[in-house]
Amino acid sequence: MDTTLSTPTTGPRLSHTEITNMASTYSHEWRAVCDKFNNAQDLSEVESRKDPENDPFRSKYKARELLREIYCSLKNFDVGENESVNDEADQRPTEQPVDGGMEESFGRGHCGDSPAGSRAAKLGAVEYYLGVNHVETEELSAGEEHLMNCMTLLEKCSISPENVSLFIQVRNQLGILWAGRDEIEKAQGFLETAEAMYIRYMKEDGQPPMDLTEFFVAEEEALPQQERTKRFEMAYTHTLYYLAQVYKNLEQYEKAGGYCHSTLQRQLEFNQFLPLEWAINAATLSQYYITKTLYMEGRHCLSAASVIADLAGEVPSEAAAQESEAEAEKRDQLRQKRAEIARCWIKYCLNLLQDAKKLLEDNIGELDMDRQAELRATRLKEEEEKERGRKSAVLFGSSDTFDSICGLEEKVSCVFPVDFEEARAIFLVGQTYVNQAKEYFEMDGHVTDHIEILQDHSALFKALAFFEEDLERRCKMHKRRVDMMEPICKDLNAQYYLLVCRQLQFELAETYYEMMDLKLAVANKQDDLDAHTVKKFNHLCSSSTKFYQMFLDSVRSPEGKWPEKLEDEVLRPALVAKFRVARLHSRLISSSKTIQLENLNRSLECYNFVVQYCKDNPEAKSAIETELELSEEMVSLLPLKINRLQANLASSN
């Protein structure tokens, strides 16, 4: 596509005054056209908000009739004494262009400030507004037709300050229209062309272009240069925003993230944003960066989100909210949005700790000292490279907010922690945001959200425990997890919150299981086990078994029957639960041989269940390969141990 800003091909260039007064002999008629346009705008943008529910498009339809009258009036005006217009320009376009091909040429034709160019642009603007009008009244085919008519009219013109906004905005609208029809690649073509037009225009001309509304005003009512720039840049910001959505739908997530980042930065730069909406979008973008382990970028987005959200003002007090409905609504919105941003901060801290754990753990899930030393050695070099990249990155903020954003960034690391102290610093930041989020998302009224925050808090403790070398202190961290989740699990009604109950049951079972393993590791260092240690160990085993069994019971039918085939979402958890219950029964400590025998038989029963289920359902094997292998081994070994114990028991009797 040739986007060169070319010189006119026909006729002399006229001044803006001459263009505006091209129908000077019809000055009264021209004023009437301008008045009709202003009335149409008022109907579309102001009066339509007051339309009744049973006639929601009344004002839009009235505006449409005025736009049609304007179109007819424009067709009746002479272009001017010094230039003739061929018959083609006087006809409503029939052949519609196909947009999106970069090789196509649209830069040759009437210059934008020539009478023919001005006339084509004015007709194109009316077609544009008619197209938008039809789209807004849910008449998409008619809207598309008018927008494509606008495109065809503009093909007669070269890009210039007089028409470049129209060139871009009609493509924005077509991009939205086709995206709404799930024709994402068509939308992509229009929007990428709009982007190319903006870039070429700014490179080759760059002066503030006319706005679409200025086609129908007198010269003395023309917008100031600053306002023209603002509106033009806003149109391009919309182009980038729509492209971000298109690339997301095409699963080009890296591109989508880049365009979203640019959109947010431009909104700040040109002061075209609502603080809370902007902040939520920036916080959402941070979650994309986190999934790509781009923690510096994620931290920057979240810091900016927190700072910009504060621009929305102070949260009204409860007393003020009780006296005014508007204050109550503002209070709720501010508290909710800031709590949502706090939840994004929790995810940031949690993922940073968890990703560090993955880098540092060995094949049994413990801290690998060699990897710790390697990460510590390479981290400094990586930080220097990141800092260089940061200087070339697009950063958020204006002169008023940049320092505040940087100050907030400095409060939390964006590098993987390598030891407990570094991990604890990140944990504490996450815990601060947990408390902030819980202030709004209380159990009363926000059950699911509140529990998800508790689960994230639990996960923060779990990730921190990995870095703790002292086994007793590590066990206490897991005890904190139990203390926050167990009361909720007991009070929650499984009839209404089955999925959440299952999650809590399984996590509590796992947490007690980890505590049992830690106590076992501590006990192995002792010469003799005292009664208190045995009691504590057995309590942990029994508690883990209890919650695994609660989870397994939730899978049964109301009549208590086990399903012949497990659903995919519970297949692995259920079989893992059976496997671990088997292991827990065999770990219980008892001086009674009878009880030992009972425990071993229960253990064998659970191992047998896992093996038999996989025989009956071979597709399940891939879900629990390791557990199945160990279960098969125990199914062959445990009977020998049980037989020996039975023989021992018989001889003693």
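All of these numbers come straight from a predicted model, not from anything done at the bench. Position numbers for residues count from 1 along each chain, tracking the sequence in the order it is written. Local features in this predicted model are restricted to residues of pLDDT 70 or higher, and side-chain atom pairs are both shown and tallied only at a pLDDT of 80 or more, whereas totals for entire chains, interfaces and linings draw on every residue. Only hydrogens and water are set aside when side-chain values are computed; all heavy atoms of the structure are taken into account.

This part covers the pattern of salt bridges. A pair is scored as a salt bridge if a Lys or Arg side-chain nitrogen falls within 4 Å of a carboxyl oxygen belonging to Asp or Glu. Scanning the entire structure with this criterion turns up 34 salt bridges. For the salt bridge of Lys 60 with Glu 136, the shortest nitrogen-to-oxygen distance reads 2.6 Å. In this pair, Lys 60 is assigned in helix 3 (residues 58-76) and Glu 136 in helix 4 (residues 115-136), connecting sequence segments 76 residues apart. Among the salt bridges present, the one from Glu 227 reaches Arg 231, with a minimum N-O distance of 2.9 Å. One end of the pair is Glu 227 and the other is Arg 231, both in helix 8 (residues 225-249) and four residues apart, which spans about a single turn. One continuous salt-bridge network, built from bridges that share partners, spans Lys 462, Arg 481, Glu 507 and Glu 514. Each helix corresponds to a stretch of at least 4 residues labelled H or I by DSSP, and each strand to a stretch of at least 2 residues labelled E; elements are numbered beginning at the N terminus.

Glancing now at the nonpolar core. Note that soluble globular proteins tend to have their nonpolar side chains buried in a common cluster. Only buried Ala, Val, Leu, Ile, Met, Phe, Trp, Tyr and Cys residues count toward a nonpolar core, and they belong to the same one when joined by side-chain atoms within 4.5 Å. Only protein chains enter the accessibility calculation, which uses a 1.4 Å probe; a residue is then buried when its area is under 20% of its type maximum, exposed when over 50%, and partly exposed in between. If you look at the biggest cluster of nonpolar residues, it comprises 124 residues, and the most contacted ones within it are Trp 278 and Tyr 348. Among the elements that make up this core, the one with the highest residue count is helix 13 (residues 325-360) (14 residues). For Tyr 348, the residues in contact, after removing those within four places along its chain, are Ile 290, Tyr 295, Gly 298, Arg 299, Leu 302, Val 412, Ser 413 and Cys 414. Listed in part, the 57 residues of the second largest apolar core include Tyr 129, Cys 150, Leu 153 and Trp 178. When checking whether two residues touch, look at their non-hydrogen atoms; a contact exists if any pair is within 4.5 Å.

Next up on the list: the packing of helix 13 against helix 16 (residues 420-440). Helix packing geometry: the angle between the two helix axes and the distance between the axes. What counts as an axis is a line fitted to C-alpha atoms, over the stretch in contact for a helix, and the angles between N-to-C directions run from 0 to 180 degrees. Closest axis-to-axis distance for the helix 13/helix 16 pair is 8 Å, and the angle between their directions is 155°. Taken together, helix 13 and helix 16 sit at an angle that is classed as roughly antiparallel. Where helix 13 crosses over helix 16, the two elements pack in a sense that is left-handed. Of the residues in helix 16, those touching helix 13 at Asp 332, Arg 335, Gln 336, Ala 339, Ala 342, Arg 343, Trp 345, Ile 346, Cys 349, Leu 352 and Leu 353 are Ala 423, Ile 426, Phe 427, Val 429, Gly 430, Tyr 433, Val 434, Gln 436, Ala 437, Glu 439 and Tyr 440. Partitioned by chemical class, the residues of the contact of helix 13 with helix 16 number 15 nonpolar, three polar and four charged. In this scheme, roughly parallel covers angles under 35 degrees and roughly antiparallel covers those over 145, while 65 to 115 is roughly perpendicular and the rest are oblique. In this scheme the crossing of two helices becomes right-handed for a clockwise turn of the near helix relative to the far one and left-handed for an anticlockwise turn of less than a right angle. Just so you know the grouping, Ala, Val, Leu, Ile, Met, Phe, Trp, Tyr, Cys and Pro go in nonpolar, Asp, Glu, Lys and Arg go in charged, and all remaining residues, Gly too, go in polar.

Here we come to unusual backbone geometry. At Glu 138, a position not held by glycine, the phi torsion is positive, near 65°. Relative to the elements of secondary structure, Glu 138 occurs in the loop between helix 4 and helix 5 (140-154). Looking at Glu 138, the relative accessible area reads 63%, which means it is exposed.

Moving on, we get to the packing of aromatic side chains. Aromatic rings from Phe, Tyr and Trp, taking only the six-membered ring of Trp, are treated as a pair when their centres fall within 6.5 Å; an angle between ring planes under 30 degrees marks them as stacked, one over 60 as edge-to-face, and anything in between as tilted. Overall, the coordinates contain 27 aromatic pairs when judged by the stated rule. With 6.1 Å between their ring centres and 10° between their planes, Tyr 512 and Phe 547 make a pair best called stacked. Residue Tyr 512 is located in helix 19 (residues 498-524), and its partner Phe 547 is located in helix 20 (residues 531-555); the two are separated by 35 residues in the primary sequence. For the pair shown, Tyr 512 and Phe 547 are each scored as buried. Between Phe 609 and Tyr 613 the ring centres are 6.3 Å apart and the planes differ by 20°, which places this aromatic pair in the stacked class. Separated by four residues within a single helix, Phe 609 and Tyr 613 lie in helix 22 (residues 593-616), roughly one turn from each other. The positively charged end of Arg 181 is found above the aromatic ring belonging to Trp 178, 4.6 Å away from the centroid. Here, a charge over a ring is recorded when the distance from Lys NZ or Arg CZ to the ring centre is within 6 Å and its angle to the ring normal is within 35 degrees.

With that settled, consider the confidence of the model for the protein chain. One number per residue, pLDDT, summarises how confident the predictor is, and it ranges from 0 to 100. Looking at the protein chain, the pLDDT average stands at 88 and 89% of residues meet or exceed 70. The element-level mean pLDDT for the protein chain is lowest in helix 1 (residues 16-20), coming to 47, with helix 16 highest at 97. The low-confidence segment residues 1-25 (pLDDT under 50) makes 58 contacts with residues lying over four places distant or belonging to another chain. Low pLDDT, under 50, characterises residues 101-106; the predicted model gives this stretch 17 contacts beyond four residues in sequence or across chains.

This part covers the layout of surface pockets. In this analysis the probe radius is 1.4 Å and the grid spacing 1 Å, with only protein atoms considered; a cavity is a set of points the probe fits into but cannot get out of, a pocket is an open set with protein on both sides within 12 Å along at least five of seven lines, and lining residues have an atom within 4 Å of a point. Grid points are joined across faces, edges and corners, and a volume is the space filled by probe spheres set on the points. Put simply, the largest pocket is a space of about 920 Å³. What lines the largest pocket is a set of 26 residues, among which Ile 364, Gly 365, Glu 366, Glu 514 and Asp 517 lie closest to the centre. Sorting the residues of the lining of the largest pocket by element identifies helix 17 (447-467), helix 18 (471-491), helix 19, helix 21 (568-587) and helix 23 (625-652) as the ones contributing at least two each. Looking at the lining of the largest pocket residue by residue, the class counts come to ten nonpolar, four polar and twelve charged. Estimates place the volume of the second largest pocket at around 740 Å³. Along its surface, the second largest pocket is lined by 23 residues, and Glu 45, Tyr 128, Tyr 129, Gln 169 and Gln 173 are the ones closest to its centre. At the level of secondary structure, the elements contributing two or more residues to the lining of the second largest pocket comprise helix 2 (27-45), helix 3, helix 4, helix 6 (164-180) and helix 8.

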